[in-house]
Amino acid sequence: MSRKRPTVADLRAMKGKRQLTMLRVLTMEEAEAAERAGVDIVSVPPELMLDPQYRDAAPSLFTMPGDNFYEIGTADDFVRWAFRLYKASADAVYCSAGFATVKRLADDNIPVIGHVGLIPSRATWTGGFKAVGKTADSAMQIFEAVKQYEAAGAIGAEIEVVPVEVAKAISERTSLIMLSMGAGTGCDAQYLFADDILGQNRGHMPRHSKVYRNFAAEYDRLQAERIAAFSEYVADVNSLAYPEDKHVVHMDPDQFGQFMEKIDAG
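Residues numbered from 1 in each chain as written. Predicted model: local features only at pLDDT ≥ 70, side-chain atom pairs only at ≥ 80, totals over all residues. Heavy atoms only, no water.

Points about the overall build of the protein chain
Here is step 1: When its secondary structure is counted, the protein chain shows twelve helices and eight strands.
Here is step 2: Against the globule reference of 18 Å for 266 residues, the protein chain gives a C-alpha radius of gyration of 27 Å, more extended than a compact globule.
Here is step 3: Each principal axis of the C-alpha distribution contributes one length, and for the protein chain these read about 95 × 45 × 35 Å.
Here is step 4: Looking at the protein chain as a whole, 41% of its 266 residues are labelled buried. (Helix = DSSP H or I, 4+ residues; strand = E, 2+ residues; numbered from the N terminus. Rg over C-alpha atoms; globule rule 2.2 N^0.38 Å. Buried < 20%, exposed > 50% of the residue type's maximum accessible area, 1.4 Å probe, protein only.)

Regarding unusual backbone geometry
Here is step 1: Put simply, Y242 and P243 share a cis peptide bond, and its omega is 0 degrees.
Here is step 2: Residue position: P243 is located in the loop between α11 (215–239) and α12 (253–265).
Here is step 3: The phi torsion at S89 lies on the positive side, around 90 degrees, for a residue other than glycine.
Here is step 4: Classification of S89 as buried rests on a relative accessible area of 18%.
Here is step 5: One non-glycine residue, L240, lies in positive phi territory at about 65 degrees.
Here is step 6: The exposure class assigned to L240 is exposed, which follows from its relative accessible area of 71%.

Remarks on the pairing of strand β8 (residues 189–193)
Here is step 1: Sheet analysis places strand β1 (residues 20–24) next to β8, joined by five bridges and oriented parallel. Within β8, the residue paired with L20 across the bridge is A189.
Here is step 2: Summarising the sheet, strand β7 (residues 177–181) and β8 pair through two bridges and their orientation is parallel. Counterpart to L179 in the pairing with β8 is A189. (Pairing = 2+ DSSP bridges.)

Comments concerning the pattern of salt bridges
A side chain of one charge can pair with a side chain of the opposite charge if their charged atoms are brought near each other.
Here is step 1: On inspection of all chains with the given rule, the structure shows 13 salt bridges.
Here is step 2: Of the charged contacts, one joins R104 and D108 as a salt bridge, the two residues approaching to 3.8 Å between their closest N and O atoms.
Here is step 3: Under the relative-accessibility criterion, R104 is labelled partly exposed at 32%.
Here is step 4: For D108, a relative accessible area of 32% translates into the label partly exposed. (Salt bridge = Lys/Arg side-chain N within 4 Å of Asp/Glu carboxyl O.)

Comments concerning the sheet that holds strand β5 (residues 112–117)
Here is step 1: Judged by pairing direction, the sheet is parallel, and its eight strands sit side by side in the order β3-β2-β1-β8-β7-β6-β5-β4 without closing on themselves. Looking at strand neighbours, the two that pair on one side only are β3 (62–65) and β4 (93–94), the edges of this open sheet.
Here is step 2: Where helix α8 (residues 136–152) meets the sheet, its contacts fall on β5, β6 (156–160) and β7, and the angle it forms with β5 comes to roughly 170 degrees. (Contact = heavy atoms within 4.5 Å. Axes fitted to C-alpha atoms, helices over the stretch in contact; angles between N-to-C directions.)

Some details on the packing of aromatic side chains
Here is step 1: Throughout the structure, instances matching the rule amount to seven aromatic pairs.
Here is step 2: Residues Y233 and Y242 carry aromatic rings whose centres are separated by 6.2 Å and whose planes lie at 65 degrees to one another, so their mutual orientation is edge-to-face. (Phe/Tyr/Trp six-rings, centres within 6.5 Å; stacked < 30°, edge-to-face > 60°.)

Section: helix α9 (residues 164–171)
Here is step 1: V166, A167, I170 and S171 are the residues of α9 that are buried. One face of α9 carries all of its buried residues, which in axial projection span an arc of 125 degrees.
Here is step 2: Packing partners of the buried residues in α9 comprise α8, β6 and β7. (Arc of directions from axis to C-beta.)

Description of a negative patch on the surface
Here is step 1: Taken together, the side chains of E225, E232, D236, E244 and D245 present a region of like negative charge at the surface.
Here is step 2: Its place among the elements puts E232 in helix α11.
Here is step 3: For E232, a relative accessible area of 53% gives the class exposed. (Patch = residues over 30% accessible without salt bridge, like charges linked within 9 Å, V, L, I, M, F, W, Y side chains within 5 Å. Areas by Shrake-Rupley, 256 points an atom, 1.4 Å probe, with all protein chains shown as cover. Lys, Arg positive; Asp, Glu negative; His and termini not counted. Charge placed at Lys NZ, Arg CZ, Asp CG, Glu CD.)

In short, shape yes, function no, at least from these values alone.
Below, the structure written as C-alpha cells:
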C-alpha cells in the first residue's frame with residue numbers, strides 16, 4: 001500500500017507523538033531505498049531534487065534540499081533558489097544563513113528548516129567540530145536561536161551534537177520540528193547520513209553515527225575486480241587472444257575480391 005507524502009501540517013501534528021526517521025541521501029538509488037524502507041524525511045542535494053525522475057523514485061518522502069549558505073548567496077539569491085526547488089516538489093528547504101534570510105523565505109511561504117548546535121559551516125564560532133551546549137550559557141544560546149527561528153517563521157531546525165538533556169528541554173518548549181543529529185530521542189526525528197549507515201566512509205566516524213553495512217569493503221572488492229579485468233584485457237591484446245573471430249565481422253569473399261581488384265586497379 002502506497003504512503004501519503006506528509007505535509008508540514010502533518011509533521012507538526014506528529015510532534016511529540018513518535019520518532020520520525022530522517023536520512024541525508026545523495027543518489028537516486030539511495031532515495032528509492034529510503035522510500036521503500038519507509039523513511040519519513042530526507043535531505044538531498046539540490047540537483048537530485050531537480051531531477052525529473054526524483055518523485056518517481058521517492059513519491060512519499062518529505063524532501064528537504066539544502067546547501068551551505070555561502071554556495072547560494074544573499075537573501076534574494078536564496079528566494080530564487082528556493083522557488084526553483086519548491087516548484088520541483090520540495091517540501092521544505094534547509095537554510096543555515098541568518099535569521100533575516102529565513103524570515104525572507106518564510107514570508108514568501110517557503111517552509112524552512114534551520115540549524116542549531118554544531119553547524120559545520122559555522123563551526124569556527126563554537127570552537128570547531130565538537131559538542132555545543134555543554135554549559136548553561138551555551139545551552140541558553142541554542143534555546144535563544146530556536147526562539148529566533150520561531151520568530152522568523154521557520155518550521156523546524158536540525159539540532160546537532162547537543163547534550164540530550166538540553167535538546168529534550170528545548171524540543172519540549174518549541175513548536176519547531178526538531179531534527180536530532182546526535183542529540184537524543186527527546187527531539188522529533190532521528191537524522192543520520194546514508195554514507196554512514198552504509199559504511200561508505202573511510203575516515204573518522206561521528207559518535208552519533210551507526211554503521212549497518214560495509215559498502216567500503218564491497219567497493220574495494222569491486223575495484224580489485226575492475227583492475228583484474230582490465231589487466232586480463234591488456235594481456236589478451238598483447239598475446240593476440242583478443243579479438244577472437246566471434247568479436248569481428250567478415251565480408252562476403254566475392255565482394256572482398258571485387259574490393260581488392262578496385263584497390264589494385266587504383
